[in-house]
Amino acid sequence: CALAAGMFASAGELGRMLEGRPFTGLHHAGRSRQIFLGQAETPRGPYIFLTVFDAGSSLGLVQLYFEEFRARLAAATPPPERQEP
């Protein structure tokens, strides 16, 4: 998890330097397995998701389900608790 978080943070900074905005989805195709890293914004802050998949799936299918999951997570996340001074 720490390695995935580091990869995601590095890619975000590279995106800011190159295009002025962070890269938000990363994909790496290995010999037998692939990984997809994506970020989901919620009212309580961002979450980073690491998905590992093999030839039984495709990047497009993983991204489709991730988008659905991201929308449902954002809708289901309660707002942050208000801190009293």
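Above this note sits the structure.
Residues numbered from 1 in each chain as written. Predicted model: local features only at pLDDT ≥ 70, side-chain atom pairs only at ≥ 80, totals over all residues. Heavy atoms only, no water.

**Structural notes on the overall build of the protein**
Line of reasoning, step 1. Each helix and strand counted, the protein has 2 helices and 3 strands in total.
Line of reasoning, step 2. In the protein, the order of α-helices and β-strands from amino to carboxyl end is α-β-β-β-α.
Line of reasoning, step 3. For 85 residues, the compact-globule estimate of 2.2 N^0.38 gives 12 Å, and the protein exceeds it by more than 25% at 15 Å.
Line of reasoning, step 4. Dimensions of the protein along its principal axes, counting C-alpha atoms only, are 55 × 30 × 25 Å.
Line of reasoning, step 5. Within the protein, the fraction of its 85 residues that count as buried is 21%.
Line of reasoning, step 6. Taking the intrachain contacts of the protein between residues at least 6 apart in sequence as the baseline, contacts between residues at least 24 apart amount to 38%.
Line of reasoning, step 7. Separation between the mean location of the 8 positive side-chain charges and that of the 8 negative ones in the protein comes to 4 Å. (Helix = DSSP H or I, 4+ residues; strand = E, 2+ residues; numbered from the N terminus. Rg over C-alpha atoms; globule rule 2.2 N^0.38 Å. Buried < 20%, exposed > 50% of the residue type's maximum accessible area, 1.4 Å probe, protein only. Contact = heavy atoms within 4.5 Å. Lys, Arg positive; Asp, Glu negative; His and termini not counted. Charge placed at Lys NZ, Arg CZ, Asp CG, Glu CD.)

**Regarding the sheet that holds strand S3 (residues 45–53)**
Within a beta sheet, neighbouring strands are joined by backbone hydrogen bonds and run either parallel or antiparallel to one another.
Line of reasoning, step 1. If you trace the 3 strands from one edge of the open sheet to the other, you get S1-S2-S3, paired in antiparallel fashion. Both edges of this open sheet fall to strand S1 (25–29) and S3, since each of them pairs with a single strand only. Each strand of the sheet is rotated relative to its neighbour by a mean of 15°, with strand direction disregarded.
Line of reasoning, step 2. Strand direction decides the pairing type here: strand S2 (residues 34–42) and S3, joined by 9 bridges, are antiparallel. The partner of Glu 41 across the bridge, within S3, is Pro 46.
Line of reasoning, step 3. In the packing of helix H1 (residues 2–19) onto the sheet, the strands contacted are S1, S2 and S3, and the crossing angle to S2 comes to about 70°.
Line of reasoning, step 4. Running at roughly 20° to S2, helix H2 (residues 59–76) makes contact with S1, S2 and S3 of the sheet. (Pairing = 2+ DSSP bridges. Axes fitted to C-alpha atoms, helices over the stretch in contact; angles between N-to-C directions.)

**Section: the side chain of Gln 39**
Line of reasoning, step 1. Locating Gln 39 in the fold gives a position in strand S2.
Line of reasoning, step 2. Among the polar contacts made by the side chain of Gln 39, one reaches the side chain of Glu 41 at a distance of 2.5 Å. (Polar contact = N/O pair within 3.5 Å; in protein donor to acceptor, adjacent residues only side chain to side chain.)

**Here's the deal with the packing of aromatic side chains**
Line of reasoning, step 1. One pass over the full model with this rule turns up 3 aromatic pairs.
Line of reasoning, step 2. Ring plane angle 65° and centroid distance 6.0 Å describe the contact between Phe 49 and Phe 66, whose orientation is recorded as edge-to-face. With Phe 49 in strand S3 and Phe 66 in helix H2, the pair connects residues that are 17 residues apart, well separated along the chain.
Line of reasoning, step 3. Judged by its relative accessible area of 7%, Phe 66 is buried.
Line of reasoning, step 4. Aromatic pair Phe 49 and Phe 69: ring centres 5.1 Å apart, planes at 80°, arrangement edge-to-face. (Phe/Tyr/Trp six-rings, centres within 6.5 Å; stacked < 30°, edge-to-face > 60°.)

Purely spatial values, then, with no claim about function.
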